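Single-letter residue listing:
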Amino acid sequence: MQAMEDKILTEGKVLPGGILKVGNFLNQQIDTGLLREIGLEIADLFKDEKPTKILTIESSGIALAAAAGMAMDIPMVFAKKHKSSNVDGQVYTVTIHSFTHGNDYQAVVSRDYLTAEDRVLLVDDFLASGNALAGLVDLVGQAGAEVVGAAVAIEKKFQGGGEALRKQGLRIEPLACIESMSDTGVTFCHL
Ligand code: G4P
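Residues numbered from 1 in each chain as written. Predicted model: local features only at pLDDT ≥ 70, side-chain atom pairs only at ≥ 80, totals over all residues. Heavy atoms only, no water.

K.L.:
It is not clear to me how unusual backbone geometry should be interpreted in this structure. Could you clarify?
P.N.:
Leaving glycine out, the prevailing phi sign among residues is negative, and the prevailing peptide bond configuration is trans. With an omega of 0°, the peptide bond running from glutamate 58 to serine 59 counts as cis. Tracing the backbone shows serine 59 in the loop between strand E3 (53-57) and helix H3 (61-72). Its identity as a non-glycine residue notwithstanding, lysine 50 has a phi of 50°, on the positive side. Note on placement: lysine 50 falls in the loop between helix H2 (32-46) and E3. (Helix = DSSP H or I, 4+ residues; strand = E, 2+ residues; numbered from the N terminus.)

Have a look at this one:
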């Protein structure tokens with residue numbers, strides 16, 4: 001998506017440790033015009049899959065997932081991050097390891113919001129090591145629902161998560177894919 005690449009080039013900041021700061025337009029402050037375009041782009045990419053629900057994980061995925069849900073006129077569900085595990089059995093839960101933060105957390109979705117009839121499109125802001133997306137795939141599996149694919153705003157290809165998940169058969173559509181980056185610039189991959 002050209003608008004996403006342009007925005008990364010003009011407003012993204014490369015930090016040490018392979019982190020791209022996008023707080024100016026995607027994370028803390030959100031460019032709402034770009035967000036609307038993102039929703040329409042995701043809807044167009046996955047219209048033939050006829051998803052019935054969007055699933056993301058709090059917090060930064062929520063805005064993108066809501067935009068995609070609005071564009072496709074389907075509900076959006078987000079997994080909550082918890083420290084505790086499934087106590088009452090009313091939730092699907094999975095442990096996710098955050099490579100970036102170096103910790104584990106539980107992602108939890110109420111059983112009311114994902115059912116075996118659902119065709120689920122996953123949406124997130126970053127695809128890095130792929131643990132968050134893999135966790136969402138696991139939650140959908142627990143519901144007996146089907147994953148139709150995943151849309152991510154930015155894939156950092158050099159972290160390998162996308163390659164591993166594609167090998168498992170997951171269709172992943174990044175709106176921008178970064179081949180490499182350093183303090184001298186960002187190089188995009190063209191899939
Ligand atoms: P994964 O998402 O592919 O599993 O990789 P990883 O464990 O490394 O990512 C953990 C968190 O770090 C995620 O957010 C992810 O969005 C974020 N992240 C990864 N790479 C970057 C980056 O280059 N720039 C920025 N800004 N964020 C990155 P989170 O901890 O779940 O937090 P939240 O912001 O969604 O609340």
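Now that the structure has been shown, the text picks up again.
K.L.:
What should I look at first to understand the environment of leucine 136 in this one?
P.N.:
By the secondary structure assignment, leucine 136 is in helix H4 (residues 131-142). It is 9.9 Å that separates the C-alpha atoms of leucine 136 and alanine 150, two residues lying 14 residues apart in sequence. Ignoring any residue separated from it by four or fewer positions in sequence, one finds leucine 136 in contact with Leu55, Thr56, Ile57, Ala79 and Leu122. (Contact = heavy atoms within 4.5 Å.)

K.L.:
Would you mind showing me how to read the site of the ligand here?
P.N.:
Residues in close proximity to the ligand total 22 residues, the closest being Leu20, Ser60, Lys81, Thr100 and Gly130. Within the contact set of the ligand, an oxygen atom lies 2.4 Å away from a side-chain nitrogen or oxygen of threonine 100. At a separation of 2.9 Å, an oxygen atom of the ligand approaches a polar side-chain atom of histidine 101. Coverage of the ligand by the protein amounts to 85% of the 690 Å² it exposes when considered alone. Of all the secondary structure elements, the ones that give two or more residues to the shell around the ligand are strand E2 (19-21), strand E5 (91-98), strand E7 (119-127) and H4. In the shell around the ligand, the residues fall into seven nonpolar, 11 polar and four charged. (Near = heavy atom within 4 Å. Polar contact = N/O pair within 3.5 Å; in protein donor to acceptor, adjacent residues only side chain to side chain. Areas by Shrake-Rupley, 256 points an atom, 1.4 Å probe, with all protein chains shown as cover. Nonpolar A, V, L, I, M, F, W, Y, C, P; charged D, E, K, R; others polar.)

K.L.:
Just checking my understanding: could you explain the pairing of strand E10 (residues 185-188) for this structure?
P.N.:
Side-chain direction in a regular strand flips from residue to residue, so the side chains alternate between the two faces of the sheet. Judged by which residues are buried, E10 turns out to be one-sided: Val186 and Phe188 face inward and are buried, whereas Gly185 and Thr187, on the alternate face, are not. In terms of strand pairing, strand E9 (residues 172-182) meets E10 through four bridges, oriented antiparallel. Within E10, the residue paired with methionine 181 across the bridge is valine 186. Connecting E9 to the antiparallel partner E10 that follows it, the hairpin turn spans two residues. (Buried < 20%, exposed > 50% of the residue type's maximum accessible area, 1.4 Å probe, protein only. Pairing = 2+ DSSP bridges.)

K.L.:
Where do I start with the packing of helix H1 (residues 2-11) against H2 in this structure?
P.N.:
A pair of packed helices can be characterised by two numbers: the angle between their axes and the separation between those axes. Viewed as axis vectors pointing N to C, H1 and H2 meet at an angle of 145°, and their least axial separation amounts to 10 Å. Crossing hand, H1 versus H2: left-handed. Contacts between H1 and H2 involve Ala3, Met4 and Lys7 on the former and, on the latter, Leu34, Glu37 and Ile38. (Axes fitted to C-alpha atoms, helices over the stretch in contact; angles between N-to-C directions. Left-handed = near helix turned anticlockwise from the far one by under 90°.)

K.L.:
Even after reading the chapter, I still don't get the state of the cysteines, so can you show me in this structure?
P.N.:
Two cysteines, two sulfur atoms, one covalent bond between them: this is a disulfide. A full pass over the atoms with the stated rule returns one disulfide. Across a sulfur-sulfur distance of 2.0 Å, cysteine 177 and cysteine 189 are joined as a disulfide pair. Judged by the sign of its S-S torsion, about -85°, the bond between cysteine 177 and cysteine 189 is left-handed. Of the two residues, cysteine 177 sits in strand E9 while cysteine 189 sits in the segment after E10, which places them 12 residues apart along the sequence. Grouping residues by exposure puts cysteine 177 and cysteine 189 together as buried. (Disulfide = S-S within 2.5 Å.)

K.L.:
Looking at this structure, I do not really get the sheet that holds strand E4 (residues 76-82). What am I missing?
P.N.:
Paired through backbone hydrogen bonds, the strands of a sheet run either parallel or antiparallel to each other. The sheet built from eight strands is open, its strands ordered E5-E6-E4-E3-E7-E8-E9-E10 with mixed pairing. Each edge of the sheet is formed by a strand with only one pairing partner; in this case those strands are E5 and E10. Mean inter-strand twist for the sheet, computed between neighbouring axes without regard to direction, equals 30°. As judged from the three bridges shared by E4 and strand E6 (residues 103-110), these two strands associate in the antiparallel manner. Residue pairing in the sheet places histidine 82 in a bridge with glutamine 106 of E6. Against the sheet, H2 engages E7, strand E8 (146-156) and E9, with an angle of about 120° to E9. Of the strands in this sheet, E3, E4, E5, E6, E7 and E8 touch H4, which is tilted by about 165° from E5.

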